[in-house]
Every structure is written in structure tokens, then in C-alpha cells.
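The chain contents come next:
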Amino acid sequence: MENFVLIVDDNLLNLKILSDILKGNGLKYAVAQSGEEALSILEDMEPLLILLDIMMPVMDGYEVCRILKQNKRLKEIPVIFLTAKTDPEDVVKGFSVGGIDYVTKPFNAAELVVRVKNHIDLRISHKVIKTQTRRLMEYNASLEKMVEERTHKILIQKEIIENKNREITESILYARKIQTAILPPGDFIQTLLPERFILYQPKDIVSGDFYWIAKLNDRVICVTADCTGHGVPGAFMSLLGIAFLNEILSLNPLIHANEILNVLSEKIKTALHQTGQKMESKDGIDIALYILENDLTSLEYAGANIPLFIIRNGELITIEPDRMPIGFYLGDIKSFTNHTITLCKNDLLYTSSDGYRDQFGGSNNKKMKRQDFKKILIDISKYAMDEQKKILENYYYTWKGNEEQIDDILVIGVRIK
């Protein structure tokens with residue numbers, strides 16, 4: 001059996017409930033009543049995800065997870081602990097042994113299905129990206145060999161290159177589908193932010209800019225992010241950013257805006273093995289994150305190099321970000337600043353990556369200035385949100401003219417009703 005979820009629980013009733021939930025949502029599954037039975041199943045099969053109980057006789061869930069993470073073939077399988085153990089130290093232990101999520105019993109079936117599907121999507125995305133990386137490496141190796149061959153092989157080389165380019169393009173196009181699927185869907189955003197627009201235009205097939213919108217404990221979290229680079233490298237970073245944001249908020253739904261950025265920065269540095277040395281990877285993320293309270297009378301904002309613009313009664317207010325990125329930073333490491341802002345009815349919130357205003361164009365073929373961008377926002381603020389997006393798009397294409405797009409573009413506008 002392929003593409004299935006392995007449920008491990010010594011309670012037959014729990015196995016029946018979980019099996020019915022997964023089956024009802026179109027997911028394949030297998031069951032094990034002990035840690036030993038689970039490990040036996042895993043000798044021959046590799047599930048997409050494991051739902052693992054902790055309190056089991058002989059071998060508990062922690063030990064099963066430790067064994068999995070020591071196995072080269074099985075260590076990348078995501079493990080969700082599903083248990084009645086709710087003490088903070090139990091949660092911490094679950095993550096320390098390699099669990100990717102922790103759900104306590106009794107659980108909400110709909111929430112569990114969403115978490116399972118999200119982790120399965122991330123698992124599939126990781127496998128696809130890993131496969132494409134391997135193919136790219138093989139392709140580069142074959143190219144080096146082709147260059148050394150004699151002239152009479154040129155026609156053969158040309159045919160091989162064309163085929164490989166087509167395969168790579170098709171693979172990246174598929175990666176775009178995955179990246180698009182991971183972004184919040186329009187109907188979901190509509191329920192949270194009915195008065196809004198999102199101008200999202202990647203430079204290449206996949207994007208290093210991403211947006212992330214979620215609702216937790218009646219708070220709406222809105223993220224505008226710009227990863228280092230664009231195209232495939234930027235897309236890799238965006239997947240990391242989205243995965244870590246999901247993890248951070250699932251562990252602490254009431255976390256403050258600046259604390260999210262603090263934790264996210266540490267996770268990025270750990271994932272990329274960044275210790276602050278000059279010669280290591282300098283990849284990171286610029287980000288604006290704000291949290292709207294349920295009554296829409298206030299928000300929290302924290303930013304890494306991306307400001308928050310508020311237009312109130314035709315006047316623009318700039319809430320400045322901290323001048324350091326998420327991830328690698330040579331300066332003094334400090335906490336991101338948490339801004340608490342009182343909102344008024346009809347306030348307009350704007351966040352943007354630098355792709356829009358860094359575009360070369362205009363009569364002098366120069367970048368748009370930050371003040372010019374602010375003026376555009378003020379000018380469009382009197383229109384409905386859909387119309388604002390159209391005006392921004394038209395202005396951009398007029399400004400760019402025949403010049404090539406130089407970066408990914410992401411602008412988000414939200415009106416407070």
C-alpha cells in the first residue's frame with residue numbers, strides 16, 4: 001500500500017475512530033496496536049505520516065519516534081503525537097524526540113484532518129523538491145560530460161539538452177502548483193479579510209515572496225514575506241518559512257507578533273546552520289507580520305525590514321520595521337519590536353515586498369522611490385480594494401514599459417470595517 005497514514009494506538013476504540021475519520025476524508029491508512037507492530041510494518045512500507053499514541057505498554061510513543069529518527073530511510077516521515085498527555089514537559093519531549101506536531105485527546109476531528117493534510121502536503125512537497133534537486137544535480141553532471149565530447153556529438157547534445165530543459169521546466173511548473181496550493185486559498189481569505197487585495201506576481205515560475213494568513217483564537221494573522229533570491233532558491237526558502245509559521249502558531253496560538261519573528265529567525269538559522277560567520281549562507285527572509293484582534297480595534301505588528309503603512313483619513317502613517325532580517329545577521333542580535341496600534345474604522349493597512357518599488361522604469365529608467373510608492377498608496381486609498389489592485393497593476397506595467405521584471409512582487413492591502 002502506498003501514500004497512507006499509519007495509526008499507532010493500543011486502544012481499539014481509538015483506532016476505529018481515527019480510521020473512520022481518515023477514511024471519511026479520502027485518506028488511506030494502516031493500523032498498529034503497539035510500537036513493536038508499527039516498527040514491523042515500517043520494515044516493508046513507508047507511510048506519508050504517522051499518528052502516534054504515547055502511552056502504550058512495552059514501548060511508548062517517545063521510544064518509537066526515537067527509533068524512527070535514527071533510521072536513515074524512515075527519519076523524514078512526519079510524526080504527529082496524538083495523546084492524552086497534556087503537560088508542557090510532555091509536549092516539549094514530543095518535539096525533542098522528533099515529532100512534528102502534538103495533538104491532545106479529546107481532539108477535534110476537523111482540526112486533526114486539516115493538520116494531517118497540511119503535513120502530508122508538506123511531506124509530498126519535500127519529496128518532490130528533493131527528487132527535482134537530485135535530477136538537477138544529475139543533469140549538471142551529464143552536461144559537464146557532454147562538454148568534453150567531440151564536435152560530431154553536438155546534435156546529440158542539443159537533443160539531450162532540449163529534453164532535459166523540458167523536463168526541468170515541467171518539474172518547476174509542477175512545483176508552482178504545489179507552492180500555489182500551500183498559499184491560503186481565496187475563499188478562506190475572503191472569510192477572514194473580506195475587504196482586501198493581494199497583488200502577487202512572481203518574477204519566475206515559482207516565487208521567493210509569499211503570503212500567509214491564518215485565524216487562531218479569533219485573531220487574524222497576516223504575513224507578507226520576501227525571501228532571499230527568487231525562482232527555485234526563493235521558493236525553497238518560502239516553503240521553510242510557511243512550514244515554520246504553521247509550527248510556531250500551532251504550538252502557541254496566543255504568541256505576540258515579535259515573538260513569532262524571534263522564534264522564526266532561530267528556526268531559519270538552525271535549519272540553514274547559520275552561526276553568524278561571514279563565509280556561511282546569508283539566506284534569510286524580510287517580513288511584515290501583523291495580528292488583528294477580533295474586534296478590529298487594535299493590532300500588533302512586528303517587521304523585519306518591511307514596514308507597515310496605515311492610511312487614515314487620507315494621511316499615511318509609517319510603522320517602521322527593525323532593520324534586520326529573519327535568519328543570518330552580522331549585527332547585534334536583539335528581539336524584534338512589538339508595536340501595538342489602535343485602529344479606526346476605514347483604516348487601510350498596506351504591506352509590500354521591495355519588488356514593486358525596485359522595478360526599473362519610468363522616463364529615466366530608474367527605480368521607483370519609496371516616497372513615490374507612498375504617494376501611489378495615498379492616491380488609490382479612496383477606491384474599492386479590487387479597483388486599487390487594478391490601478392497598482394496598471395501603474396506597474398506602465399512604469400516598467402519594455403524593461404524585464406527584476407524581482408517577485410507582493411503587495412497586500414486590507415481595509416478595516
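Above this text sits the structure in question.
Scoring rules and cut-offs
- Residues numbered from 1 in each chain as written.
- Predicted model: local features only at pLDDT ≥ 70, side-chain atom pairs only at ≥ 80, totals over all residues.
- Heavy atoms only, no water.
- Helix = DSSP H or I, 4+ residues; strand = E, 2+ residues; numbered from the N terminus.
- Rg over C-alpha atoms; globule rule 2.2 N^0.38 Å.
- Buried < 20%, exposed > 50% of the residue type's maximum accessible area, 1.4 Å probe, protein only.
- Contact = heavy atoms within 4.5 Å.
- Lys, Arg positive; Asp, Glu negative; His and termini not counted.
- Charge placed at Lys NZ, Arg CZ, Asp CG, Glu CD.
- Polar contact = N/O pair within 3.5 Å; in protein donor to acceptor, adjacent residues only side chain to side chain.
- Arc of directions from axis to C-beta.
- Pairing = 2+ DSSP bridges.
- Axes fitted to C-alpha atoms, helices over the stretch in contact; angles between N-to-C directions.

### A word on the overall build of the chain
Here comes step 1: The secondary structure content of the chain amounts to 11 helices and 18 strands.
Here comes step 2: Computed over its C-alpha atoms, the radius of gyration of the chain comes to 24 Å, within 12% of the 22 Å expected for a compact globule of 417 residues.
Here comes step 3: Classification of the 417 residues of the chain by burial places 46% in the buried group.
Here comes step 4: Within the chain, contacts between residues separated by at least 24 positions form 67% of all contacts whose residues are at least 6 apart in sequence.
Here comes step 5: Side chains of the chain carry 51 positive and 58 negative charges; the gap between the two charge centres is 4 Å.

### So, the side chain of serine 19
Here comes step 1: Position of serine 19 relative to the elements: it lies in helix α1 (residues 12-24).
Here comes step 2: A distance of 2.6 Å separates the side chain of serine 19 from the backbone oxygen of leucine 15, its partner in a polar contact.
Here comes step 3: The residues contacting serine 19, other than those within four sequence positions of it, are Ile7, Tyr29 and Val31.

### Some points on the environment of isoleucine 124
Here comes step 1: By secondary structure assignment, the location of isoleucine 124 is in helix α5 (residues 109-147).
Here comes step 2: Isoleucine 124 gets classed as partly exposed once you look at its relative accessible area, which sits at 33%.
Here comes step 3: Isoleucine 124 sits 121 residues away from asparagine 3 along the chain, and the two C-alpha atoms are 9.5 Å apart.

### So, helix α2 (residues 35-42)
Here comes step 1: Those residues of α2 lying buried are Gly35, Ala38, Leu39, Ile41 and Leu42. Down the axis, α2 shows its buried residues gathered within 160° of arc, on one side only.

### Quick look at the sheet that holds strand β18 (residues 409-415)
Here comes step 1: One open sheet accounts for five strands, arranged β6-β18-β15-β11-β12; its pairing is antiparallel. Two strands bound the open sheet, and with one partner strand each, they are β6 (196-201) and β12 (315-319). Ignoring strand direction, the axes of neighbouring strands in this sheet form an average angle of 15°.
Here comes step 2: The pairing of strand β15 (residues 348-352) with β18 spans five bridges and is antiparallel. If you follow serine 352 over to β18, its bridge partner there is valine 411.
Here comes step 3: Packed on one face of the sheet, helix α10 (residues 370-380) meets β11 (308-312), β12, β15 and β18 and runs near 40° to β11.
Here comes step 4: Across the sheet, helix α11 (residues 385-400) touches β6, β15 and β18, and the angle it forms with β6 is around 30°.

### Some words on the sheet that holds strand β5 (residues 101-104)
Here comes step 1: Here we have five strands laid out as an open sheet, ordered β2-β1-β3-β4-β5, and parallel in their pairing. Each having just a single partner strand, β2 (28-32) and β5 make up the two edges of the open sheet. Averaged over all pairs of adjacent strands, the angle between strand axes in this sheet comes to 20°, irrespective of strand direction.
Here comes step 2: Pairing of strand β1 (residues 4-8) with strand β3 (residues 49-52), which is carried by four bridges, proceeds in the parallel orientation. Note that in β3 the partner of valine 8 across the bridge is leucine 52.
Here comes step 3: With respect to the sheet, helix α3 (residues 61-69) is in contact with β3, β4 (79-83) and β5, its orientation differing from that of β4 by roughly 175°.

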